[in-house]
Structures are given as C-alpha cells and as structure tokens.
Amino acid sequence: MAQPCRPMSLGRQLEADTLNGNDSVRGIEGKAYAVLARAVDIRPGETRQLLAGCCGFMCVLCAYYLLRPLRDALGIAGGAGQLPWLFTATFVVMLAITPVFGAIAGRWPPARFVPLAYRFFSLNILAFSALFLLDVAPLLVARVFFVWLSVFNLFVVSVFWSVMADHFSIEQGKRLFGFIAAGGTAGALLGPALAAIASATFGIAALTIASALLLEIAVQGFRVLRRDDGRQDELIGVARHGNVRLDGSLLSGLSALLRDRYLAGIALYLLLHSFVSTVLYVEQGKIVAGAFPDTAGRTQFFAGIDLLVSVLALVTQTLLTGRLMRWLGVAAVLALLPLLGMAACAALAALPSTGMLALAQGVRRATDYALSRPARETLFTVLGRDAKYKAKNVIDTLVYRGGDAASGWLIATAAAAGIGFSAMTALMAPLTLAWVGLARWLARQQSARADGTATDNFPIGGKTDEPGKR
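Residues numbered from 1 in each chain as written. Predicted model: local features only at pLDDT ≥ 70, side-chain atom pairs only at ≥ 80, totals over all residues. Heavy atoms only, no water.

**Thoughts on the overall build of the chain**
So, step 1. When helices and strands are counted, the chain shows 18 helices and 0 strands.
So, step 2. When contacts within the chain are restricted to residue pairs at least 6 apart in sequence, long-range pairs at least 24 apart make up 85% of them.
So, step 3. When the accessible surface of the chain is split by element, carbon and sulfur atoms take 66% of a total near 19,800 Å². (Helix = DSSP H or I, 4+ residues; strand = E, 2+ residues; numbered from the N terminus. Contact = heavy atoms within 4.5 Å. Areas by Shrake-Rupley, 256 points an atom, 1.4 Å probe, with all protein chains shown as cover.)

**Section: the pattern of salt bridges**
So, step 1. Summed over all chains, the structure comprises 7 salt bridges.
So, step 2. In this structure, aspartate 368 and arginine 376 form a salt bridge, with 3.5 Å as the shortest nitrogen-oxygen distance. For the pair shown, aspartate 368 and arginine 376 are each scored as buried.
So, step 3. Taken together, the salt bridges that share partners define one network made up of Arg43, Glu46, Glu171 and Arg175. (Salt bridge = Lys/Arg side-chain N within 4 Å of Asp/Glu carboxyl O. Buried < 20%, exposed > 50% of the residue type's maximum accessible area, 1.4 Å probe, protein only.)

**What to know about the packing of helix α7 (residues 110-134) against helix α8 (residues 138-167)**
So, step 1. With their axes 11 Å apart at the nearest point, α7 and α8 run at an angle of 160 degrees to one another. Between α7 and α8, the angle falls in the class roughly antiparallel. Between α7 and α8 the crossing geometry is left-handed. Contacts between α7 and α8 involve Val114, Tyr118, Phe121, Asn124, Ile125, Phe128, Leu131 and Phe132 from the first element and Val141, Val144, Phe145, Trp148, Phe152, Phe155, Val156, Val159, Phe160 and Val163 from the second.
So, step 2. Split by residue class, the contact of α7 with α8 holds 17 nonpolar, 1 polar and no charged. (Axes fitted to C-alpha atoms, helices over the stretch in contact; angles between N-to-C directions. Parallel < 35°, antiparallel > 145°, perpendicular 65-115°, else oblique. Left-handed = near helix turned anticlockwise from the far one by under 90°. Nonpolar A, V, L, I, M, F, W, Y, C, P; charged D, E, K, R; others polar.)

**Regarding the packing of aromatic side chains**
So, step 1. Counted under the stated rule, the structure contains 21 aromatic pairs.
So, step 2. With a centroid separation of 6.4 Å and 35 degrees between ring planes, the pair formed by phenylalanine 121 and phenylalanine 155 is classed as tilted. Highlighted residues: phenylalanine 121 in helix α7 and phenylalanine 155 in helix α8, separated in sequence by 34 residues. The pair formed by phenylalanine 121 and phenylalanine 155 is uniform in burial state, with each residue classed as buried.
So, step 3. Feature note: the residues Phe57, Tyr118, Phe160, Trp161, Phe168, Phe177 and Phe222 constitute an aromatic cluster, connected by ring pairs. (Phe/Tyr/Trp six-rings, centres within 6.5 Å; stacked < 30°, edge-to-face > 60°.)

**Observations concerning the packing of helix α4 (residues 47-65) against α8**
So, step 1. In the contact formed by α4 and α8, the axes pass within 10 Å of each other and the chain directions differ by 175 degrees. Taken together, α4 and α8 sit at an angle that is classed as roughly antiparallel. Two secondary-structure elements touch here, α4 through Gln49, Gly53, Gly56, Phe57, Val60, Leu61 and Tyr64 and α8 through Leu149, Phe152, Asn153, Val156, Val157, Phe160, Trp161, Met164 and His167.
So, step 2. Residue composition of the contact of α4 with α8, by class: 11 nonpolar, 5 polar and no charged.

**Some remarks on the nonpolar core**
So, step 1. The biggest cluster of nonpolar side chains holds 128 residues, and the ones touching the most others in it are Tyr118, Phe152, Trp161, Met164 and Ile180.
So, step 2. In terms of residue count, the dominant contributor to this core is α8 (18 residues).
So, step 3. In this structure methionine 164 touches Gly53, Phe177, Ile180, Phe222 and Leu225, once residues within four positions along its chain are discounted. (Core = buried A, V, L, I, M, F, W, Y, C linked by side-chain atoms within 4.5 Å.)

**Re the environment of alanine 391**
So, step 1. Inspection of the secondary structure puts alanine 391 in helix α17 (residues 385-416).
So, step 2. Expressed as a C-alpha distance, the spacing of alanine 391 and alanine 256, which sit 135 residues apart in the sequence, is 6.6 Å.

**Notes on the environment of serine 372**
So, step 1. Within the secondary structure layout, serine 372 lies in helix α16 (residues 354-378).
So, step 2. Serine 372 sits 38 residues away from leucine 334 along the chain, and the two C-alpha atoms are 5.2 Å apart.
So, step 3. Setting aside anything within four residues of it in sequence, one finds serine 372 in contact with Tyr269, Val333, Leu334, Leu337 and Thr367.

**Some words on a nonpolar patch on the surface**
So, step 1. Nonpolar side chains collect at one region of the surface, where Leu307, Val311, Val315, Leu319 and Leu320 lie side by side and expose about 410 Å² of accessible area between them.
So, step 2. Mapping leucine 319 onto the fold places it in helix α13 (residues 295-319). (Patch = residues over 30% accessible without salt bridge, like charges linked within 9 Å, V, L, I, M, F, W, Y side chains within 5 Å.)

In structure tokens:
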C-alpha cells in the first residue's frame, strides 16, 4: 500500500537544493554550515537561524556589558550598605513595569512588541547619556542608573530567550542554545573591551550611543528569524504565531505561576539562584570597597572579573555546552549551579580576598552563563507561547529581582543579629541539597511534558498548547 506523501522538511529541502546546484544555498550559507558543523551539532536549514540568534545575543549582551562595570562601580558609590535599598528599588520598578509588559504583550504580537521594547530601552540609554554629559545630580543619577540597568538587563535578556524558546524546539534547544549563548559571551567579552577603549578616548557618551546601536542590530536579527519562519511555513505547511497576539489578562503570567507546579518550580530555582547571587554580591561589595578607594579602581576590577567570566564561558559554550547537555542531561547541568554556589561561598568564607573573589565569582558565573542558563532556557521549550513570553518574563524579572530585594534585607537583618558571612554559608548547606533535588525534578517534568505524559500542565489565559508542542 502506497504511503501518503508528506511535506518535505526544511532541512531535507535545503539538502536537495544543495545537491541540485542551488547557488543561493551552496554559497556563503553553505560554507558557514560546513564551518559550524565542525563545532556544533547543526542540521541543514538551521544555519541562518543559528547565526541570527548567536549574533543577536552577542549584540544584546555587548550593549549591556558596555555599561555593566560602570553600574557596579556606581552601585557602591554611597557604600555597600546602600545595596539592599537599590535591590528594593529595582524590585519596585519591576513590580510597576511587569503589568505594562503584560498589557503590551496582550495587545501586540511578538513580531511587533519585541522591536518596540528594545527601541524603548535604546531611547532610555540615550537619555542617560545626556544626564552624564550635563553632570546632573551625579549621586542620584548614579543610583537611578543602577536600578535602570538592572531592570534593562533582565528584560532584554528575558525577551531574547522568549523569542528563542518560541522559535526552536526542545530538541533544537539542547543542540543549539549553547552556541547561541556563546554569542552572548562573545558580546560580554567585546563589551568591556570596547568600554575600556571608548571611555578613555570618547567618554561615557560613546558607550551609551554604541549600546543603543547594538540593540537595534539585535532587532534586525529577530527579523531574520521571522523571515526564515515564513520560508519554513511554506515548505512544511504549518502556520506560526509570530503575528498573533498572546492570550491572557495583564497578570496571566503571574497567575500561571500560582497554578502550574512546573512554572512554580522554575521560579523557585531562580529564587534560590538569586539568594546565593545576592549573598555573594553583598560580600563582593564589602571586599572591593575595602580594597579599592575610588570608583576608577573598582570599575577596573569589576571589568577584570567580567573578562574572566566571559573567557571561561565562551570556551565552555563553544566546545562543551551542547555535548554536556546531551551526555549528562539537563538535571546534572542544572545541578552544577547550586554546587558551585556553595563552593564559592565556602571559598570566600575561608579566604575573603580580591583574588579568591575573582576566582570564585569567575567560575560560578561562567558556569551559570555557559551551562545552567542554556539548560534553564530549554525548560520553556515544552510550554505554550503565552508561558514563553508572559510567565517567563515574570519569572526572569519580577521573581528574580524580588528575590534580590528579599535576599538583600535578609542578609542585612542577619548581619544586624550578628550572623556573619561564614555562618550564612554554613546555613546554606541544606538549601543547596534542596536546590539540587529541585533541578532533578524540573528535568523529569520537562521530559514528561515533551513526551505528553505530564499531568499538571495548567493552561494560561484559558488556553494551552499540547505538551511538547513548540
């Protein structure tokens, strides 16, 4: 009996085009595929999409890392004791902005609101440029800039990974997200280097203008992905939703966390990450404030840590991330972050020096960017589109910064009660074990949803996608 004819997949179509002599495929894209295939488990038809994602993330993180060393230096301009207040201010701003983001996501499709969000932040950057040039209320502007950049970072990165989770399947995510993350690490390397050159030659204004331009380039990368979606739709006979508005109310993302154990588990994982990061960040502020008397020295030290993190992460992402996720599995990769967080705290408790700080933070943050972050992003590939944009944004921004604020005040309260960093580190041991257990549970739930066997998949905004559907 004859088998029904199925539409040819994009990869097979491109393979056929290559064999038949299609010059557009055999040209630059074909050569790029041949080069990428040596380092990445890439399939035919994925070259343009992989490069768009990789270059887009490079521009996003380069835009951020141009400004990050300045933020960290300005954050302790009034003393490390001000950090809990800055964390709280950041959370309050997140609390105000998240419903606005939900309203925009509900009104416009991702193909429209993603460019709008990025261009809005570009205008903000240019406004800060003017304030820095005019030297308006330096201490106040420094604190506002710290809060703003903390919000900016989480929103632009969260939106970027929402687009990636929406565009790629879970199988593609495990293969390709590591390389896409490597593009971000390249941007994290390029950003501080450009900052050092441009700030010395042209001043802060050059950094802000370059950052705004890089965000616009990232927007163009999203457009490449949308065009490729259209080509794939024609070849495989499916319709995507890039031009369809998302369902749900303004707070549908927040309500989903309360109804879906899987999303709540992801949020808890990020809360634990936020707590450990804040503990280390506050201790970092104390060590650096005591070691370097001025903003210039502190900025240089922070830039050095960023450079170390970027080098370690880039090497890992390029050579190991995809392979480790296949060999070890998502559970083991997610478990690395809590174990290294505990190790970093223990190392600083034993030797609180700038050298140990650079080593501990360098290894921990590099592992987060190179391994834990790509693994964490694959958790969203099995969810519906509303969850990928709305619930994910709530987790990445509101939950994370809320964790920062709560952790900052918890640490301040513990210090007032005489509980120092060493005692706090000892108390974190059982927390680390629970965190590792949560990582294993999340990985099992992801597999169950991909196979369609999960039983606790609650809808968002009255609708849900089938388990495992992109």
